[in-house]
Amino acid sequence: MNSTKSSVLPTLRGFHYQVLLGIEKCFELNAGQSIWFESDGDISIRGNELENNEQIESKHYDQMDVLTDGHANFWNTLNNWLKDDFDHTQYAFLILHTTQPTSKTSQLYGWNSKTPDEKLGIISSIYDKRTDAEKTKKDAKGVLKFQQAIFDSNNKIIKDILGKMLINDSADNIDNLKLKLINKPLGIPDDNIDQYFEGIVGWVYEKMGEDSWSINQHDFKDKLEELTSKYSRGKFSFPPFTGELATDIDLLKHNEYLFVQKIKDIEHYDEIPEAVGNYAEFTNILLEESVRSPKYREITKTYKSNLIRKFKRKHQNSSLLHPNHSRIDCAKILYNEFIDEPAEQVQECEMTPKPYKNGLIHNSMDDENDGLKWEID
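An account of the accompanying structure is given in this report. (Residues numbered from 1 in each chain as written. Predicted model: local features only at pLDDT ≥ 70, side-chain atom pairs only at ≥ 80, totals over all residues. Heavy atoms only, no water.)

To continue, consider the packing of aromatic side chains. Applying the stated rule across the entire model yields 19 aromatic pairs. When the ring of Y127 is compared with that of F151, the centres are 4.5 Å apart and the planes differ by 5°; the resulting orientation is stacked. On the criterion of sequence distance, the pair formed by Y127 in helix α3 (residues 116-127) and F151 in helix α5 (residues 142-151) is long-range, its members being 24 residues apart. Y127 gets classed as buried once you look at its relative accessible area, which sits at 8%. Every member of this aromatic cluster is reached through a ring pair, and the members are F15, F37, Y205 and W213. Looking at K135, its charged tip hangs above the ring of Y127, at a distance of 5.0 Å from the centre. Its guanidinium or amino end placed over the ring of F27, K184 lies 5.1 Å from that ring's centre, counting from NZ or CZ. (Phe/Tyr/Trp six-rings, centres within 6.5 Å; stacked < 30°, edge-to-face > 60°. Helix = DSSP H or I, 4+ residues; strand = E, 2+ residues; numbered from the N terminus. Buried < 20%, exposed > 50% of the residue type's maximum accessible area, 1.4 Å probe, protein only. Lys NZ or Arg CZ within 6 Å of the ring centre and 35° of its normal.)

Our focus in this paragraph is the pattern of salt bridges. Summed over the entire model, instances satisfying the criterion amount to 17 salt bridges. Between R13 and D62 there is a salt bridge, and its shortest N-O distance comes to 2.9 Å. In this pair, R13 sits in helix α1 (residues 8-26) while D62 sits in the loop between β3 (54-59) and α2 (72-81), placing the two residues 49 residues apart along the sequence. Two residues, E54 and K253, come together in a salt bridge whose shortest N-O distance is 2.3 Å. Separated by 199 residues along the polypeptide, E54 in strand β3 and K253 in helix α10 (residues 248-254) bring together distant segments of the chain. Looking at E54, the relative accessible area reads 7%, which means it is buried. (Salt bridge = Lys/Arg side-chain N within 4 Å of Asp/Glu carboxyl O.)

In total, this model carries two cavities of 30 Å³ or more according to the counting rule given. For the second largest cavity, the calculated volume is near 30 Å³. The wall of the second largest cavity is formed by Y303, L307, K310, E341, P342, A343, E344 and K357. Of the residues that constitute the lining of the second largest cavity, the class distribution is four nonpolar, no polar and four charged. (1 Å grid on protein atoms, 1.4 Å probe; cavity = no way out; pocket = protein on both sides within 12 Å on 5 of 7 lines; lining within 4 Å. Points joined across faces, edges and corners; volume = space filled by probe spheres on them. Nonpolar A, V, L, I, M, F, W, Y, C, P; charged D, E, K, R; others polar.)

Structure (structure tokens):
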């Protein structure tokens with residue numbers, strides 16, 4: 001078989017990757033939110049609540065590539081966000097989403113944990129390695145041209161942009177992202193899954209107009225219901241739960257959430273990445289599957305009621321079982337035992353995932369109406 005000798009293929013794959021990433025984000029949309037392609041950049045997520053708005057620049061590399069101090073991917077993205085025709089005030093987060101890992105020797109390593117001042121210091125330190133002749137070069141090209149434009153910008157605007165800028169590195173490549181999307185549907189038999197997936201992708205491409213291209217949460221939900229009705233076999237099973245630790249971006253987004261504060265209250269800080277990961281995965285899947293599967297919603301409601309009842313019993317007994325421990329230690333023991341124990345199985349399902357159970361308890365901790373806490377009085 002002859003391979004296609006064309007430099008346009010990586011570009012086309014990069015564009016398709018952008019669309020697949022947008023589809024993944026469609027599953028996470030809240031009511032009233034929409035995703036826009038090629039509006040303010042690659043992917044824009046906008047809705048009524050500014051704190052949930054994101055602008056995402058997606059970068060896919062077929063060959064192994066590493067994000068370094070001088071990589072055009074970083075500088076071009078930052079330069080684009082500093083241009084006069086980009087209104088960053090519409091967004092709470094500006095995300096560079098790339099399949100590249102960040103080099104551990106790069107000053108960009110650990111970027112998401114830095115303050116705006118620290119980020120400004122990082123890019124200034126990188127730029128200061130340029131000679132005066134380079135900084136004043138009239139016909140600069142590539143990264144140098146981007147850097148010149150950035151440091152000609154207003155310092156306050158740069159800091160505003162940097163404060164919102166996050167890097168989601170080592171992201172799934174196009175093949176892994178497609179596999180992840182294929183595994184999202186609930187109750188679709190294997191011989192129908194490709195048709196289901198192609199139905200979603202084809203519909204998203206069909207939404208492309210002459211002047212704009214957007215998908216709103218309501219329409220996406222309706223399309224999923226239509227495709228599920230067409231291809232489902234009607235048998236319930238839990239969607240896959242990975243139990244992965246939270247990303248830096250998820251940790252930043254959830255830092256002020258009530259369930260996180262309750263873990264901080266018992267000084268169990270090392271458990272926060274797993275807790276946020278379980279919470280985020282649970283809430284995202286609940287949002288997706290509640291629309292498509294009334295049975296999932298029903299099972300989760302019953303499971304939550306039983307889980308809360310079980311937790312309250314364990315909470316009441318915790319100080320009695322460990323009378324020689326401090327209240328903080330009792331709370332940590334309660335946390336560890338409750339999180340580590342297997343999930344009770346649902347009769348209608350082959351296996352109830354433990355990350356589902358743990359995500360649900362954190363979801364309940366985040367609900368003031370449930371009145372739960374890890375602290376021992």
